[in-house]
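Single-letter residue listing:
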Amino acid sequence: MLTLASKLKRDDGVRGPRASNPASDSTRRVSVRDKLLVKEVADLEANLPCTCKVNFPDPNKLHYFQLTVTPDEGYYQGGKFQFETEVPDAYNMVPPKVKCLTRIWHPNITETGEICLSLLREHSIDGTGWAPTRTLKDIVWGLNSLFTDLLNFDDPLNIEAAEHHLRDKEDFRSKVEDYIKRYAR
């Protein structure tokens, strides 16, 4: 799976530890992001929640992947929710960009896919936002938790969904189930 990791090792072996050819060195330079991602993807795949699945459409581009979350409890049980994650060049100083591709009725995810998860924020008032010590594993576990213990009706992004839940929990559940049947199978 870690094709990029194999390539990095192979390139290091060909060049040697200290050999440098200025012309080829600039064309072979590997970004800090890509070096970090090799390690983080291996850790992520070894510690993936049982309700999550990661897919790398191009195994040489570890900075772009898709995540499927299939909650096994709560309002969203039975749904399959797709997320797209793109890790910017400035990673790990800035967080990955994540979007929900599945239409969903959720207080912390808009119907257009924007996500309210503090660790995806570059700057956070409460200090729980992105930090260079965070990893992809934190992102995946956080997204997974949006369907269980991090489901937050008190600080919503989708205010209409949160108000709907406060007004009528059974009707909220019914609308969530309808969205799952229509968009998340």
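Scroll up to find the structure this text is about.
Residues numbered from 1 in each chain as written. Predicted model: local features only at pLDDT ≥ 70, side-chain atom pairs only at ≥ 80, totals over all residues. Heavy atoms only, no water.

Regarding the packing of aromatic side chains
Okay, so step 1: What the rule picks out here adds up to twelve aromatic pairs.
Okay, so step 2: Note on Tyr75 and Tyr76: the rings are 6.4 Å apart at their centroids and 75° apart in plane angle, and the pair reads as edge-to-face. The two residues Tyr75 and Tyr76 agree in class, both being buried.
Okay, so step 3: Centre to centre, the rings of Tyr76 and Phe147 are 5.5 Å apart; their planes meet at 75°, and the pair counts as edge-to-face. In this pair, Tyr76 is assigned in the loop between β2 (64-69) and β3 (81-86) and Phe147 in the loop between α4 (136-145) and α5 (159-167), connecting sequence segments 71 residues apart.
Okay, so step 4: You can call Tyr76 buried: its relative accessible area is 0%.
Okay, so step 5: Judged by relative accessible area, which is 2%, Phe147 ranks as buried. (Phe/Tyr/Trp six-rings, centres within 6.5 Å; stacked < 30°, edge-to-face > 60°. Buried < 20%, exposed > 50% of the residue type's maximum accessible area, 1.4 Å probe, protein only. Helix = DSSP H or I, 4+ residues; strand = E, 2+ residues; numbered from the N terminus.)

Observations regarding the layout of surface pockets
Okay, so step 1: As a volume, the second largest pocket reaches approximately 200 Å³.
Okay, so step 2: Looking at the lining of the second largest pocket, its residues break down into four nonpolar, three polar and four charged. (1 Å grid on protein atoms, 1.4 Å probe; cavity = no way out; pocket = protein on both sides within 12 Å on 5 of 7 lines; lining within 4 Å. Points joined across faces, edges and corners; volume = space filled by probe spheres on them. Nonpolar A, V, L, I, M, F, W, Y, C, P; charged D, E, K, R; others polar.)

Regarding the pairing of strand β4 (residues 97-100)
Okay, so step 1: Residues Val98 and Cys100 line the buried face of β4, whereas the alternating positions Lys97 and Lys99 sit on a face that is not buried.
Okay, so step 2: Looking at chain direction, β3 and β4 are connected through four bridges and run antiparallel. Looking at the pairing, Thr85 lines up with Val98 of β4. (Pairing = 2+ DSSP bridges.)

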